[in-house]
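# Commentary on secondary and tertiary structure
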2 protein chains.
Amino acid sequence: MTIETIILASHSIDRKALLLRIKIPFKIIPSNISETHYKEKIKNPYILVQKLAKEKALAVEQKVLKENKNSLIIAADTVVVLGQDIMGKAQDDMEAFSILQKLMGRSHLLITGMAVLKLGSNRLIVDYDETEVTFLNLNDEEIWDYIKTREWKGRAGAYSIRERASLFIESIKGSYSNVLGLPVQKLYAILKEEFNVNLFKYNI
Amino acid sequence: MTIETIILASHSIDRKALLLRIKIPFKIIPSNISETHYKEKIKNPYILVQKLAKEKALAVEQKVLKENKNSLIIAADTVVVLGQDIMGKAQDDMEAFSILQKLMGRSHLLITGMAVLKLGSNRLIVDYDETEVTFLNLNDEEIWDYIKTREWKGRAGAYSIRERASLFIESIKGSYSNVLGLPVQKLYAILKEEFNVNLFKYNI
């Protein structure tokens with residue numbers, strides 16, 4: 001199948017950076033759906049992230065119905081789960097500190113839901129991936145050092161492994177790209193098996 | 001301790017990219033030591049990578065003896081180990097194919113030796129880190145698709161997780177930055193504990 005346009009339904013800079021690194025052409029059209037309603041209603045993180053990814057893909061489909069039919073929409077939603085708690089993005093320094101302090105010296109799960117939709121078709125694949133992430137045990141002063149970098153902004157769990165959080169991520173278990181919010185090894189397999197698209201054939 | 005210059009004793013683009021992402025100022029002075037001698041003599045990969053990292057750091061120390069004394073040299077060496085075989089960099093397409101074919105659909109170890117040396121002192125710390133990397137089971141045609149990207153060039157094990165190899169890396173277990181040839185979470189801890197240097201305090 002020839003896909004002429006890949007649409008990333010996200011304004012996450014980490015997801016954008018990932019697609020740039022695997023050198024496929026794409027454009028960004030965020031969904032701007034309101035997530036609050038779903039987050040209040042759905043307490044199971046696996047169901048939540050897949051529901052949100054699907055809703056984002058469907059919302060972007062509505063936005064671009066007149067586009068070329070040979071387009072794929074990729075949407076995703078990521079949460080951090082520690083025990084029973086689902087952690088999203090921090091709104092300010094204090095919330096970022098509170099989240100990071102809880103995550104230090106232990107392991108949490110990073111769960112991403114992903115939806116892939118072929119424009120104007122009934123073809124919609126929804127899946128998820130999860131990675132266990134273990135942090136070093138930074139003290140409060142070091143956490144504040146990190147918060148001052150502002151890199152926690154807009155990131156689920158208030159960190160990004162792509163930047164300075166790599167200094168305190170002791171280990172991960174699972175997909176690396178999933179920790180950045182888009183499991184590209186899963187995307188590769190879904191596109192190959194379900195859409196007959198080979199991501200290696202692009203080369204920008 | 002105030003460190004005025006950090007010297008990366010490596011011309012690896014992945015190591016350079018890592019230090020850029022954690023936003024510390026550094027300059028690159030490769031050691032250019034001949035590795036063949038050590039690789040023939042030392043068959044234990046853990047001893048080999050630590051020996052090579054140490055020799056690289058010492059060689060660069062000789063090059064820059066007249067530099068500011070407040071300099072740190074960081075050197076590293078990475079190998080891929082599958083069973084009893086140590087795999088380095090491929091020299092051509094066929095060797096890259098042969099290495100990647102062996103790695104597909106199974107797990108291997110990525111081992112990095114790292115040396116940190118304070119210029120003009122007797123302070124030299126050598127350590128290592130290892131990460132288990134599991135590949136999807138790509139077929140020969142897909143391996144050739146990857147080889148055509150040229151991204152295998154100059155990389156231990158003929159791949160880089162930073163680029164399109166992320167499409168077929170199913171999972172990792174351990175440090176992500178180690179897979180790129182420099183375990184920065186270990187570097188952070190060594191600099192803090194052994195050299196009293198806080199990597200968060202840099203901000204370029």
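What you see is a predicted model; the values in this text were computed from it and never measured.

A word on the overall build of chain A. Of regular secondary structure, chain A possesses seven helices and seven strands. Counting from the amino terminus, helix and strand elements in chain A follow one another as β-α-β-α-α-β-β-α-β-β-α-β-α-α. The C-alpha atoms of chain A give a radius of gyration of 17 Å, which matches the 17 Å a tight globule of 204 residues would have. Along the first, second and third principal axes, the C-alpha set of chain A runs to 50 × 35 × 25 Å. Taken over 204 residues, chain A has a buried fraction of 49%. By sequence separation, contacts in chain A at least 24 residues apart represent 70% of the contacts at least 6 residues apart.

A few words on the nonpolar core. As a rule of thumb, soluble globular proteins bury nonpolar side chains together. Judged by nonpolar contacts, the single largest core of 126 residues is most densely connected at I73(A) and I73(B). I73(A) has contacts with I7(A), A9(A), A57(A), V60(A), E61(A), L117(A) and L119(A), leaving out every residue within four places of it along the chain.

Our focus in this paragraph is the interface of chain A and chain B. The interface is formed by 30 residues belonging to chain A together with 30 residues belonging to chain B. Put simply, the parts of the chain that give the side of chain A that touches chain B at least two residues each are α5 (140–147), β7 (169–174), α6 (176–179) and α7 (184–195) of chain A. Residue contributions to the side of chain A that touches chain B peak at six residues, all from β7(A). A breakdown of the residues in the side of chain A that touches chain B according to their chemical character gives 14 nonpolar, seven polar and nine charged.

Residues and elements named next belong to chain B. At a closest axis distance of 10 Å, the pairing of helix α4 (residues 93–103) and helix α5 (residues 140–148) adopts a crossing angle of 130°. Viewed along their axes, α4 and α5 adopt a mutual orientation that is oblique. Crossing of α4 over α5 shows right-handed handedness. Residues D93, A96, F97, L100 and Q101 of α4 touch α5, and the partners they reach there are I143, W144, Y146 and I147. Residues of the contact of α4 with α5, tallied by class, amount to seven nonpolar, one polar and one charged.

This part takes up the pairing of strand β7 (residues 169–174) of chain B. With three bridges joining them, β7(A) and β7(B) adopt antiparallel strand pairing. Looking at the pairing, G174(A) lines up with I172(B) of β7(B). The pairing of strand β6 (residues 124–135) of chain B with β7(B) spans four bridges and is classified as antiparallel. Counterpart to V133(B) in the pairing with β7(B) is I172(B).

Before going further, it helps to examine the relation of the copies chain A and chain B. Put simply, the two copies of the chain differ by a rotation about an axis and a shift along that axis. Once turned by 180° and shifted 0.0 Å along the axis, chain A lies on chain B with an RMSD of 0.0 Å. Here the copies are linked by what is in effect a two-fold axis. Relative to the rotation axis, the closest C-alpha in chain A is found at K173(A), a distance of 2.2 Å. Counting the interface residues of chain A, we find that 100% of their copies in chain B are interface residues as well, pointing to one common contact surface.

All names here are of chain A. Where strand β1 (residues 5–8) lies against strand β3 (residues 71–82), four bridges are found, and the strand directions are parallel. Bridged to L8 within β3 is I74. Across two bridges, the pairing between β1 and strand β2 (residues 27–28) is parallel. When the bridges of β2 are listed, L8 appears paired with I28.

Calculation criteria
Each chain has its residues counted from 1, following the order in which its sequence is written. Both sets of labels track the order of writing: A upward for chains, 1 upward for ligands. Given that the model is predicted, a residue must reach a pLDDT of at least 70 before its local features are reported, and side-chain atom pairs must reach 80 or more before they are shown or counted; all residues, however, enter totals for whole chains, interfaces and linings. We count a stretch as a helix when DSSP gives it H or I for four or more residues in a row; a strand needs E for two or more, and each element gets its number in order from the N terminus. Values of the radius of gyration come from C-alpha atoms, whereas the globule rule sets the reference at 2.2 Å times the count of residues to the power 0.38. Any residue whose C-beta has 12 or fewer other C-beta atoms within 10 Å is treated as exposed, any with 20 or more as buried, and any in between as partly exposed, C-beta atoms being built from the backbone. Here the contact rule is simple: place C-beta atoms from the backbone, and any two residues whose C-beta atoms are within 7 Å are in contact. By our criterion, buried Ala, Val, Leu, Ile, Met, Phe, Trp, Tyr and Cys residues that link up through C-beta atoms within 7 Å make up a nonpolar core. Here the nonpolar group is Ala, Val, Leu, Ile, Met, Phe, Trp, Tyr, Cys and Pro; Asp, Glu, Lys and Arg are the charged ones; every other residue, Gly included, is treated as polar. Every axis corresponds to a line fitted to the C-alpha atoms, with the helix fit spanning only the stretch in contact, and the corresponding angles, defined between N-to-C directions, vary from 0 to 180 degrees. If an angle is under 35 degrees, it is roughly parallel; if it is over 145, roughly antiparallel; if it lies from 65 to 115, roughly perpendicular; otherwise it is oblique. In this scheme the handedness of a crossing depends on how the near helix is turned from the far one: anticlockwise by less than a right angle means left-handed, clockwise means right-handed. Being paired, for any two strands, means DSSP has found at least two bridges between them. In superposing the copies, a least-squares fit is computed on C-alpha atoms, taking residues whose pLDDT is at least 70 in both.

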